[in-house]
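# Report on the structure
Given next are the chains, with one letter for each unit.
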Amino acid sequence: MFGMGKKKPEPAKAATPAAPGVATAMPAASTIKRGPMNGMMQDWKLTVDKVIEHAYLNHGHQEIVTRTVEGPIVRSTYNDLYNRARQCSNALLADGVQKGDRIATLAWNTTRHIETWYGTMCIGAVLHTLNPRLFPEQIAWIINHAEDTHVFYDITFQPIIEAIKDKVPTVKHFIVLTDAAHRPQSAMTNLRTYEEYIAGKSTDVTWGDFDENTACGLCYTSGTTGDPKGVLYSHRSNVLHTLIGMQYDAIGIGARDTVLPVVPMFHANAWGIAFSAPAVGAKLVLPGAKMDGESIYELLDGEKVSFTAAVPTVWLMLLQYLEATGKQLPILNKVVIGGSAVPERILRAFEENYGVEVIHAWGMTEMSPLGSLGSMTTPVLSQDRETIVKYKLKQGRTPFGVEMKVVDDAGKTLPRDGKSAGRLVVRGPAIAKSYFKNAGGNILDNDGFFDTGDVAHLDELGYMQITDRAKDVIKSGGEWISSIDIENFAVGHPAVANAAAIGLPHPKWDERPLLIVQLKPGATATKEDMLNYLNGKIAKWWMPDDVAFVDNIPLGATGKINKLALRATFKDYKLPTIQAAE
Ligand code: ADP
């Protein structure tokens, strides 16, 4: 131990008082207090009630515009949101809701949904977003796993509720997010409308009387392999994720922005926008159930939206609408696109035809979800346009608050050289350390990194590029072929609406790629057309062994290509190259 066995230190000699303006003598080294020391700053709990309270106090009159599920566009403010969320809290408390209880929503992005969101979280209950695009049996499975006590849902989902209501014994309360005039026909006795539910409730309630590590939100991954798993966010992780998202090179919105989160709140928290928009006091525009090109255009144009975010399929619909009508996007400044890789033609159309900056983003439910964003750096911007486009098509750089690296199968870190691809692993305060009820056991490695299941490389400037999902990668002759690269080039063909590449078994090469193509209505293309188009764009040994045309490429619940379904459809398909190899 320090100083053990030493003579007791002499007390310091009293210093001669210094004349005014003259520095006092340094204390003797032996009297300096040493050892770990705490900072003397306030314990300001990182709980999400702070977010909405900040919006209420500082941006109370800022507008929130909702295309309601009932039809009309309605206007309210952060003031209204705050007060009605407090009424919702009191309604939940009156039902006996306690901290930790799970409250589910099956709802589009609307003001009522955000009221329920804060009304639940701020009293320490857990807001569980359900994905309505799943099959009713899957929704019932998830509700039972989460043991939800309440389900708040939109009128459009009454058929789902009728189908599952007798299969979810923990749910005692069904609240339909509408008013008495729009109450759906139903024989259910435990059903109330939201407006009745909160009517007359006080706005006086205690929020945030719990630890910052208290559970706050629950979202299940879509479970493309195995059962869905619940990601349980905490107040602390949500607040930190909000701060991560607010960085200029991340979502980077401000009070002057009008923000349209088309990405649903049930798809990984609308990428954090349900928190970051109130945190900065941006005007919020909520699209309700309508995501077709015309409806989204109407909001973008009518509400003068400056910032929006969604998966590529939504933007394909908008761009088709703009091309068909000749309409423009003079106000829109930035669009964040993620959830799956941005096809080059979407990037170019936004930037080159409409003057809208595209930010390509990557993330996952387990990461709250932001992982990387394609913000530009000076070394990139000083290059020619074609090089810039190549960087923009990468999945981007990681904001402060997320650590990432690429490792080989033995766990060795691979160099940041823009070509060494391996498993992408991540670490950070808004990244899951285990799943709800410990499903799947330990999910971190010895250094606390989470394996994303994506295959990627990082370059010298920190830009990450996904080359595949580990489970979708096509393994040919001991090497990996990126299904994403083949798909991205294939959708550039003018006749192609959507394309998917999957690996099929091959006796010589282990697997070889099959390209599956959905043509645009009325368009034609042959296998030779497709292969000629890909020729020179991808390595020769990546060329698909065959091309199959389908009427419809199946999409999963979050709008991504459902490769599992495609693999099932094509499981007995025999590649023409197999005979040649035999
Ligand atoms: P799901 O439950 O559908 O997997 P997530 O949103 O959590 O929902 O999906 C995360 C996965 O989506 C990532 O691991 C990655 O494979 C894929 N993904 C997300 N964004 C991108 C992107 N920009 N480019 C390529 N893949 C992406």
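Each remark here, short or long, concerns the structure printed above.
Calculation rules
- Residues numbered from 1 in each chain as written.
- Predicted model: local features only at pLDDT ≥ 70, side-chain atom pairs only at ≥ 80, totals over all residues.
- Heavy atoms only, no water.
- Helix = DSSP H or I, 4+ residues; strand = E, 2+ residues; numbered from the N terminus.
- Buried < 20%, exposed > 50% of the residue type's maximum accessible area, 1.4 Å probe, protein only.
- Areas by Shrake-Rupley, 256 points an atom, 1.4 Å probe, with all protein chains shown as cover.
- Pairing = 2+ DSSP bridges.
- Axes fitted to C-alpha atoms, helices over the stretch in contact; angles between N-to-C directions.
- Near = heavy atom within 4 Å.
- Polar contact = N/O pair within 3.5 Å; in protein donor to acceptor, adjacent residues only side chain to side chain.
- Contact = heavy atoms within 4.5 Å.
- Salt bridge = Lys/Arg side-chain N within 4 Å of Asp/Glu carboxyl O.
- Expected span 1.5 Å × (residues − 1).
- Arc of directions from axis to C-beta.
- Parallel < 35°, antiparallel > 145°, perpendicular 65-115°, else oblique.
- Nonpolar A, V, L, I, M, F, W, Y, C, P; charged D, E, K, R; others polar.

This part covers the overall build of the chain. Counting its regular elements, the chain contains 17 helices and 24 strands. With the principal axes as the frame, the chain shows a C-alpha extent of 95 × 65 × 50 Å. Buried positions account for 54% of the 582 residues belonging to the chain. Entry remark: accessible area of the chain is about 26500 Å², with carbon and sulfur atoms responsible for 54%.

A few words on unusual backbone geometry. Omega for the bond connecting Ser 368 with Pro 369 falls within 30 degrees of zero, at 15°, which places this linkage in the cis form. Positionally, Pro 369 belongs in the loop between strand E14 (357-363) and strand E15 (370-373). One non-glycine residue, Glu 147, lies in positive phi territory at about 55°. One can find Glu 147 in the loop between helix H4 (136-146) and strand E5 (150-153). Of the residues examined, Glu 147 reaches a relative accessible area of 34% and is grouped as partly exposed. The residue Trp 271 is not glycine, and still its phi comes out positive at about 55°.

Here we take up the sheet that holds strand E3 (residues 102-106). The seven strands are arranged E7-E6-E5-E3-E4-E8-E9 in an open sheet whose pairing can be described as mixed. For this open sheet the edge positions go to strand E7 (191-193) and strand E9 (230-234), each flanked by a neighbour on one side alone. With direction set aside, neighbouring strand axes in the sheet form an average angle of 25°. Where strand E4 (residues 126-129) and strand E8 (residues 215-220) come together, three bridges link them in parallel fashion.

Another point: the sheet that holds strand E17 (residues 422-427). If you walk across this open sheet you meet the four strands as E16-E17-E18-E19, and the pairing is antiparallel. Bordering the open sheet on either side are strand E16 (403-407) and strand E19 (464-469), each of which pairs with just one other strand. Pairs of neighbouring strands in the sheet enclose a mean axial angle of 45°, with direction left out of account. Across five bridges, the pairing between strand E18 (residues 450-458) and E19 is antiparallel. Across the sheet, the residue bridging to Val 455 is Asp 468, located in E19.

The immediate surroundings of the ligand are formed by 17 residues, with Ser 222, Thr 365, Asp 454, Arg 469 and Lys 560 found nearest. The side chain of His 360 places a nitrogen or oxygen atom 2.9 Å from a nitrogen atom of the ligand. A distance of 2.7 Å is found between a nitrogen atom of the ligand and a backbone nitrogen or oxygen belonging to Ala 361. Relative to its free-state accessible area of 560 Å², the ligand is covered by the protein chains to the extent of 90%. At four residues, the largest contribution of residues to the shell around the ligand is made by E14.

Within the element layout of this structure, Arg 348 appears in helix H11 (residues 344-354). A polar contact of 2.6 Å, which involves the side chain of Arg 348, links it to the side chain of Glu 386. With residues near it in sequence (within four places) discarded, Arg 348 still touches Asn 353, Glu 386 and Val 389.

Taken as a whole and judged by the stated rule, the model has 34 salt bridges. Notably, a salt bridge pairs Arg 75 with Glu 63, separated by 3.1 Å at the nearest N-O pair. One end of the pair, Arg 75, is in strand E2 (residues 73-77); the other, Glu 63, is in strand E1 (residues 63-67), and 12 residues separate them in sequence. With relative accessibility at 48%, the residue Arg 75 sits in the partly exposed group. We note a salt bridge from Asp 249 to Arg 397, for which the minimum N-O separation is 3.3 Å. One end of the pair, Asp 249, is in the loop between helix H7 (235-245) and strand E10 (258-261); the other, Arg 397, is in the loop between helix H13 (385-393) and E16, with 148 residues separating them in the sequence. For Asp 249, a relative accessible area of 36% puts it in the partly exposed group.

Turning our attention to the environment of Gly 453. Looking at the element boundaries, Gly 453 is found in strand E18. Distance from Gly 453 to Glu 115, taken between C-alpha atoms, is 34 Å for residues 338 residues apart in sequence. In this view, Gly 453 contacts Leu 424, Arg 469 and Ala 470; residues no more than four positions away in its chain are not counted.

Helix length check: helix H2 (residues 78-94) (17 residues) gives 24 Å between terminal C-alpha atoms against 24 Å at 1.5 Å per residue, within 8%. Among all positions of H2, only Tyr 78, Leu 81, Tyr 82, Ala 85, Arg 86, Gln 87, Cys 88, Ser 89, Asn 90, Ala 91 and Leu 92 are buried. Gly 96 sits one or two positions beyond H2 and adopts a positive phi of about 90°.

Those residues of helix H14 (residues 483-490) that sit buried are Ser 483, Ile 484, Ile 486, Glu 487 and Ala 490. Viewed along the axis of H14, the buried residues span an arc of 165°, placing them on a single side of the element.

Turning next to the packing of helix H9 (residues 293-302) against helix H10 (residues 312-325). With their axes 8 Å apart at the nearest point, H9 and H10 run at an angle of 80° to one another. Overall, the two elements H9 and H10 adopt an arrangement that is roughly perpendicular. For the pair formed by H9 and H10, the contact residues are Gly 293, Glu 294, Ile 296, Tyr 297 and Leu 300 on the first element and Trp 315, Met 317, Leu 318, Tyr 321 and Leu 322 on the second. Its residues placed into classes, the contact of H9 with H10 shows eight nonpolar, one polar and one charged.

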